[in-house]
Amino acid sequence: MLEAVNVTKEFGPNRALNGVSLRVEAGEIYCLLGANGAGKTTLINLFLNFHQPTSGSVWINGRDVASAPIDTKRDVAYIPEQVMLYGMLTGLENLDYFAALATGQRQPKDHLVALLAEAGLPADAVDRRVSNYSKGMRQKVGIAIALAKNARALLLDEPTSGLDPSAANEFSQLLVRAQERGVAILTTTHDLFHAKQTGTRVGIMKRGNLMSELDSADVSHNDLEALYLQHMRD
Ligand SMILES: Nc1ncnc2c1ncn2[C@@H]1O[C@H](COP(=O)(O)OP(=O)(O)OP(=O)(O)O)[C@@H](O)[C@H]1O
């Protein structure tokens, strides 16, 4: 479970988050929408302890990130927009390295290969250098690293940006599979369609404030778009 409690974050005179509270339960996909600079990435970064809140607190599985930064990091996997991998290594070698880094132990090769398959990486790519991978393939290695960690919470920052519709759809299905295993998922996106389609809940942010929260089942694509545009105009 991921929770932000009345979080404010200031960078000098700039208030990036203004008293934001939200909760993502196990088995939920919470999609954060908002214009550039709304504060979405800042919120994700607080959960990762990349920054600390100016006031308020962020919690992962009932533990305050500021008080237990190491333990909370173990419980969470993170997939950024650009998954950083070693281009000279193959997908399998990258997974081997980063999974060992995340878990403190190396995992058997057949298990790693199975994780890459589960993440949707084509079998003939497993032993190819990552420098030749497409963005979607790099994302899949990122997913496999997250799967290897077996984390109960997943944070994603614009994971589908730059993916073609078919790759984005494949990615969404992976998220749904993680959700079905009870993972709490918080993702930022600019893609309203993806938010409505994949998210169980949608939050709309504007200038550091969480303006609206909706259950995606309760809102049509058109209504979500209208609400989003209305917030952007106001
Ligand atoms: N490390 C930082 N130092 C100073 N200001 C920052 C820092 N990180 C973010 N900000 C500021 O905080 C505000 C929120 O930025 P943030 O990156 O969280 O927005 P965002 O909603 O993720 O935007 P985008 O959709 O463009 O990724 C912006 O005004 C940004 O300039």
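The present account deals with the structure reproduced in this document. (Residues numbered from 1 in each chain as written. Predicted model: local features only at pLDDT ≥ 70, side-chain atom pairs only at ≥ 80, totals over all residues. Heavy atoms only, no water.)

## Topic: the packing of helix α4 (residues 109–118) against helix α5 (residues 135–149)
No. 1: Running from amino to carboxyl end, α4 crosses α5 at an angle of 125°, the nearest separation of the two axes being 8 Å. As judged from the angle between their axes, α4 and α5 are oblique. The handedness of the crossing between α4 and α5 comes out as right-handed. In this structure, α4 uses L115, L116 and E118 to contact α5, whose residues at the interface are V141, A144, L147 and A148.
No. 2: A per-class count over the contact of α4 with α5 returns six nonpolar, no polar and one charged. (Axes fitted to C-alpha atoms, helices over the stretch in contact; angles between N-to-C directions. Helix = DSSP H or I, 4+ residues; strand = E, 2+ residues; numbered from the N terminus. Parallel < 35°, antiparallel > 145°, perpendicular 65-115°, else oblique. Left-handed = near helix turned anticlockwise from the far one by under 90°. Contact = heavy atoms within 4.5 Å. Nonpolar A, V, L, I, M, F, W, Y, C, P; charged D, E, K, R; others polar.)

## Points about the environment of M1
No. 1: Checked against the element boundaries, M1 lands in the segment before β1 (2–11).
No. 2: In the structure, M1 is positioned 99 residues away from A100 in sequence and 24 Å away in space, judged by C-alpha atoms.

## Description of α4
No. 1: Among all positions in α4, only L112, L115 and L116 are buried. For α4, the angular spread of buried residues about the axis comes to 100°, placing them on one side. What points out from α4, more than 90 degrees from its buried face, is the exposed set D110 and A117.
No. 2: Tucked inside the fold, the buried residues of α4 contact α3 (91–103) and α5. (Buried < 20%, exposed > 50% of the residue type's maximum accessible area, 1.4 Å probe, protein only. Arc of directions from axis to C-beta.)

## A closer look at empty space enclosed by the protein
No. 1: In this structure the tally under the stated criterion is one cavity of 30 Å³ or more.
No. 2: Of the voids in this model, the largest cavity is the one considered here, and its volume is about 60 Å³.
No. 3: Lining of the largest cavity is provided by G136, Q139, K140, L163, A167, E170, F171 and L174.
No. 4: When contributions to the lining of the largest cavity are tallied by element, the ones reaching two or more residues are α5 and α6 (165–180).
No. 5: Counting residues per element, the lining of the largest cavity draws most heavily on α6, at four residues. (1 Å grid on protein atoms, 1.4 Å probe; cavity = no way out; pocket = protein on both sides within 12 Å on 5 of 7 lines; lining within 4 Å. Points joined across faces, edges and corners; volume = space filled by probe spheres on them.)

## Focus: the nonpolar core
If you look at soluble globular proteins, the nonpolar side chains tend to sit buried side by side.
No. 1: By size, the foremost hydrophobic cluster in this structure holds 48 residues, and its most contacted members are L33, L95, L116, L121, L154, I185 and L224.
No. 2: Among the elements that take part in this core, α5 stands out by supplying eight residues, more than any other.
No. 3: Setting aside anything within four residues of it in sequence, one finds L95 in contact with A100, L112, L115, L116, A144, I145 and A148.
No. 4: Residues V7, L17, A38 and V65 belong to the second largest nonpolar core, which totals 24 residues. (Core = buried A, V, L, I, M, F, W, Y, C linked by side-chain atoms within 4.5 Å.)

## Thoughts on the side chain of Q179
No. 1: Mapped onto the fold, Q179 is located in helix α6.
No. 2: With relative accessibility at 17%, the residue Q179 sits in the buried group.
No. 3: Non-local contacts of Q179, meaning those with residues more than four positions away in its chain, are made with G27, E28, I29, I185 and T200.

## Considerations on the layout of surface pockets
Take a probe with the size of a water molecule and roll it over the atoms, and the empty space left behind shows itself.
No. 1: Approximately 500 Å³ is the volume found for the largest pocket.
No. 2: Lining the largest pocket we find 18 residues, and of these Y78, F98, A102, I145 and K149 sit closest to its centre.
No. 3: Elements that contribute at least two residues to the lining of the largest pocket include exactly β6 (76–79), α3 and α5.
No. 4: Residue composition of the lining of the largest pocket, by class: 15 nonpolar, one polar and two charged.
No. 5: A volume near 280 Å³ is recorded for the second largest pocket.
No. 6: Together, 20 residues line the second largest pocket, and A151, R152, A178, R181 and V183 are the ones closest to its centre.
No. 7: Put simply, the parts of the chain that give the lining of the second largest pocket at least two residues each are α5, β7 (153–157) and α6.
No. 8: Looking at the lining of the second largest pocket element by element, the count peaks at four residues for α6.

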